[in-house]
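Observations on the three-dimensional arrangement
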Amino acid sequence: MGCMSETPAISMTDNAARRVAEIAVKLGKPPILRLSVEGGGCSGFQYRFGLAETVEADDIRTDGTGASLVVDPISLDLVRGSAIDFVESLGGKSFQVTNPQAQAGCGCGSSFSV
């Protein structure tokens, strides 16, 4: 059971939502980005992104402009308060997580510790 609050537990920028929608159209899938956290990476935990076919009953869902973001309850404990963005730079294009709980991270931005 999730509790509803006025502040979303996690958010997604318009840039990220647009990119999810673009990818979903190309792949013929629903515009739902799943963020999960797994053990590993150079800092202890790593972010994993993928398109979700469905929203599970216990997922926490945030709707953006044209796309949704879902996170399972266990992963949410590690990313609560985060914002997901899509960034294009000289280093490439990627989804990035701004996680206020992360105490340390790595240069690639895909792993963190709490």
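Now for a description of the structure that goes with this document. Note that the structure is predicted; figures quoted are calculated from it, not measured.

Cut-off values and rules
- Residues numbered from 1 in each chain as written.
- Predicted model: local features only at pLDDT ≥ 70, side-chain atom pairs only at ≥ 80, totals over all residues.
- Heavy atoms only, no water.
- Helix = DSSP H or I, 4+ residues; strand = E, 2+ residues; numbered from the N terminus.
- Buried < 20%, exposed > 50% of the residue type's maximum accessible area, 1.4 Å probe, protein only.
- Contact = heavy atoms within 4.5 Å.
- Areas by Shrake-Rupley, 256 points an atom, 1.4 Å probe, with all protein chains shown as cover.
- Pairing = 2+ DSSP bridges.
- Salt bridge = Lys/Arg side-chain N within 4 Å of Asp/Glu carboxyl O.
- Expected span 1.5 Å × (residues − 1).
- Core = buried A, V, L, I, M, F, W, Y, C linked by side-chain atoms within 4.5 Å.
- Polar contact = N/O pair within 3.5 Å; in protein donor to acceptor, adjacent residues only side chain to side chain.

The helix and strand inventory of the chain stands at two helices and nine strands. Ordered by position from N to C terminus, the α and β elements of the chain give β-α-β-β-β-β-α-β-β-β-β. Across the 114 residues in the chain, those meeting the buried criterion constitute 32%. Taking the intrachain contacts of the chain between residues at least 6 apart in sequence as the baseline, contacts between residues at least 24 apart amount to 53%. Carbon and sulfur atoms form 53% of the exposed surface of the chain, whose accessible area is close to 6700 Å².

Let's shift gears to the pairing of strand E6 (residues 83-89). Both strand E1 (residues 11-12) and E6 contribute to a ladder of two bridges, which runs parallel. From the neighbouring strand, Ser11 faces E6, where its bridge partner is Ala83. Where E6 meets strand E7 (residues 92-98), seven bridges bridge the pair, whose relative direction is antiparallel. Looking at the pairing, Phe86 lines up with Phe95 of E7.

Turning our eyes to something else, we now look at the pattern of salt bridges. For the structure shown, the criterion picks out seven salt bridges. Notably, a salt bridge pairs Lys29 with Glu53, separated by 3.2 Å at the nearest N-O pair. Residue Lys29 is found in the loop between helix H1 (14-27) and strand E2 (32-39), and its partner Glu53 is found in the loop between strand E3 (45-51) and strand E4 (60-63); the two are separated by 24 residues along the sequence.

Turning to H1, a few remarks are in order. The end-to-end C-alpha separation of H1 is 20 Å, in line with the 20 Å expected for 14 residues at 1.5 Å each. The inward-facing, buried residues of H1 abut E1, E2, E3, E6 and E7.

Residues Ile10, Leu35, Leu69, Val79 and Ile84 are the most contacted members of the largest nonpolar core, which totals 20 residues. Those elements giving two or more residues to this core turn out to be H1, E2, strand E5 (68-71), helix H2 (73-79), E6 and E7. Setting aside residues no more than four positions away along its own chain, Ile84 makes contact with Ile10, Ser11, Met12, Thr13, Ala16, Leu33, Leu35, Phe49, Leu69, Phe95, Gln96 and Val97.

As for its position among the elements, Ser68 is in strand E5. Counting along the chain gives 13 residues from Ser68 to Val55, while the straight-line C-alpha distance between them is 9.6 Å. The contact partners of Ser68, leaving out residues within four places of it in the chain, are Met12, Pro31, Ile32, Leu33, Arg61, Thr62 and Asp63. Here Arg61 takes part through its side chain, which lies 3.1 Å from a polar atom of the side chain of Ser68.

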